[in-house]
Amino acid sequence: MAKLYVIINALFWGLVWIPLHWFSQQSVHPVVLTFLAYFILVLLFFLLKKKYFLNFFLSKEILFLGLAYGATNLLFNWAITVGEVLRIVFLFYLMPVWSSVIAFFLIKEKVNYFSAFRLFLAISGTFLILVYENINGESWAIDFFSGIGLADYLAILGGICFALGNVLLRRSANLDSLTKTFSIFFGTFVVSAIFLFFNFIVSSPELSFITKFLQDWSLNDYPLENFFLVFITFTFTLGLANFFLQLGASKLPVNVTSTLLLVEVFVAMISTSLIDKSFLSLNEYIGGALILLSAILSFLKK
C-alpha cells in the first residue's frame, strides 16, 4: 500500500499545473494561493488538535521536516505557474540525485561508482535543458546562464528541498501520520507567510500579489461562489496528496520513493500534450530523458 500512496500523490502533482494555471488566470499568484490553501488546512488542525502547534516548535525533527516540504510546495507551485510545465517537471526531478547526496550525509546511505554515473547522467540532462541552446561559438561562457530563468531556479531549488524532505521523512519513521501531515501543512503555511511578509516590506510592484488580486478581480467574469468552490476542492485535494505522500514515503527507501514519484512526470507529459499542446525542443526532451533515466537507475541500484 505504501507504494500506492506515493503514486496517488504523484498523480495529483502531475495534474496540479491545471488548477494552478486557472488560478493564475484569475489573478491569484501561486504564493498567495499556497498561503491561503495551507492556512485552511492548518486551521482545521487547530480546531481538532491544538497540541500539534506546540510540537512543531519544540521538535527540531518536525520543524525541519515542515520547512523542507513547505519550501518544496511553495517553489514548485510558483515554478509550474510561471514556467514551461514539462521543463519545470524535468528540472524538479533532479530530486533523486539530491536525495542520494543528502541521504549519504543524513542517513548514511552508500554512494558508489554507479551513483556517480547517475549523477553524470543527471548533470548532462540539466546541461541539455538549460545551457545547450545558449552556446554561441567562442562566447559560450558569456551566454552560459542566459537561458536560465526564474522558473528554472525555482524548480531546481524546489527539487533540492523535496529531496531533503523525503530523507527527513524517511528518518522520522517514529512520528505518527497526523504529526507528519501537520508538519507539512504548517511548514508550507509558515514558509509562504514569511515570503509574503518580506514581500510587503520590500514593496516590489511585481510582487504585490494581494493588491493586484483585489484590483483585477472585478475584471474577471467568473462567479465568486464558484471560485471558492474550486478553491476549497483544490485545498482538500492538496491536503490528501500531502497526507498520502508522508504515509507512503515514510515506509519506503528514499530511492524507491523518488522513483515512484516519476509517475508525476509522465502524467504531466500526457496532460500537457492533450490540454496545453505544450512541446519542448529536441535537446530539452533528450535532457529530460537523461534525468529520468538517472532517477530510474536509482531504483535499480539495490
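No experiment lies behind these values; they were computed from the predicted model shown.

Draft legend 1. Region of the structure containing the overall build of the protein. Across its full length, the protein holds 15 helices and zero strands. Relative to its 302 residues, the protein shows a buried fraction of 53%. Summing over all exposed atoms, the protein offers an accessible surface of approximately 14,400 Å²; the carbon and sulfur share of this is 72%.

Draft legend 2. Quick look at the nonpolar core. Core analysis: the biggest nonpolar cluster contains 85 residues, and Tyr93 and Phe234 have the highest contact counts within it. If one sorts the elements of this core by residue count, helix H5 (residues 60-82) sits on top with 11 residues.

Draft legend 3. Up close: the packing of aromatic side chains. Summed over the entire model, instances satisfying the criterion amount to 28 aromatic pairs. Ring centres of Trp13 and Phe76 lie 5.6 Å apart, and the angle between their planes is 85 degrees; this geometry places the pair in the edge-to-face category. Of this pair, Trp13 sits in helix H1 (residues 2-15) while Phe76 sits in helix H5; the two residues are 63 residues apart in sequence, bridging distant segments of the chain. Accessibility assignment for this pair places Trp13 and Phe76 in one class, buried.

Draft legend 4. Highlighting helix H4 (residues 51-58). Buried residues of H4: Tyr52, Phe53 and Phe56, and no others. Angular distribution of buried residues about the axis of H4 spans 105 degrees; they occupy a single face of the element. Every exposed residue of H4 that faces more than 90 degrees away from the buried side is listed here: Lys51, Leu54 and Leu58.

Draft legend 5. Spatial organisation of the pattern of salt bridges. Taken as a whole and judged by the stated rule, the model has one salt bridge. In this structure, Arg87 engages Asp152 in a salt bridge whose closest nitrogen and oxygen atoms are separated by 2.9 Å. A residue pair is termed long-range when its members are at least 10 positions apart, and Arg87 in helix H6 (residues 85-92) and Asp152 in helix H9 (residues 150-171) qualify at 65 residues. Like Arg87, the residue Asp152 is buried in the burial classification.

Draft legend 6. The confidence of the model for the protein, seen in detail. In the predicted model, the protein carries a mean pLDDT of 79, and the fraction of residues at 70 or more is 79%. Per-element confidence in the protein is highest for H5, whose mean pLDDT is 92, and lowest for helix H11 (residues 209-216), whose mean pLDDT is 52. Across residues 136-143 the pLDDT falls below 50, and counting only partners more than four positions away or on other chains, this stretch makes three contacts in the model.

Draft legend 7. Quick peek at the environment of Thr126. Note that Thr126 resides in helix H8 (residues 113-130). Exposure remark for Thr126: the relative accessible area of 16% places this residue in the buried category. Each C-alpha atom of the pair Thr126 and Ile286 lies 9.8 Å from the other, and the pair is 160 residues apart in sequence.

Draft legend 8. Focus on the packing of H4 against H5. It is the contact of H4 with H5, at a shortest axis distance of 5 Å, that shows an interaxial angle of 95 degrees. With respect to each other, H4 and H5 are oriented roughly perpendicular. Side by side, H4 and H5 meet where Asn55, Phe56 and Leu58 of the first sit next to Lys60, Ile62, Leu63 and Gly66 of the second. The residue makeup of the contact of H4 with H5, split by class, is four nonpolar, two polar and one charged.

Draft legend 9. Region of the structure containing the side chain of Thr179. Topologically, Thr179 is positioned in helix H10 (residues 177-202). Ignoring any residue separated from it by four or fewer positions in sequence, one finds Thr179 in contact with Tyr52 and Ile62.

Draft legend 10. Examining a nonpolar patch on the surface more closely. A cluster of nonpolar residues, Phe39, Leu43, Leu44, Phe46, Leu47, Leu48, Ile232 and Phe236, forms a patch on the protein surface that exposes about 740 Å² of accessible area. For the nonpolar patch, the secondary-structure elements that each account for two or more residues are helix H3 (30-48) and helix H12 (224-249). Tracing the chain through its elements places Leu47 in helix H3. For Leu47, a relative accessible area of 57% puts it in the exposed group.

Quick notes on the rules
- Residues numbered from 1 in each chain as written.
- Predicted model: local features only at pLDDT ≥ 70, side-chain atom pairs only at ≥ 80, totals over all residues.
- Heavy atoms only, no water.
- Helix = DSSP H or I, 4+ residues; strand = E, 2+ residues; numbered from the N terminus.
- Buried < 20%, exposed > 50% of the residue type's maximum accessible area, 1.4 Å probe, protein only.
- Areas by Shrake-Rupley, 256 points an atom, 1.4 Å probe, with all protein chains shown as cover.
- Core = buried A, V, L, I, M, F, W, Y, C linked by side-chain atoms within 4.5 Å.
- Phe/Tyr/Trp six-rings, centres within 6.5 Å; stacked < 30°, edge-to-face > 60°.
- Arc of directions from axis to C-beta.
- Salt bridge = Lys/Arg side-chain N within 4 Å of Asp/Glu carboxyl O.
- pLDDT = per-residue confidence, 0-100.
- Contact = heavy atoms within 4.5 Å.
- Axes fitted to C-alpha atoms, helices over the stretch in contact; angles between N-to-C directions.
- Parallel < 35°, antiparallel > 145°, perpendicular 65-115°, else oblique.
- Nonpolar A, V, L, I, M, F, W, Y, C, P; charged D, E, K, R; others polar.
- Patch = residues over 30% accessible without salt bridge, like charges linked within 9 Å, V, L, I, M, F, W, Y side chains within 5 Å.

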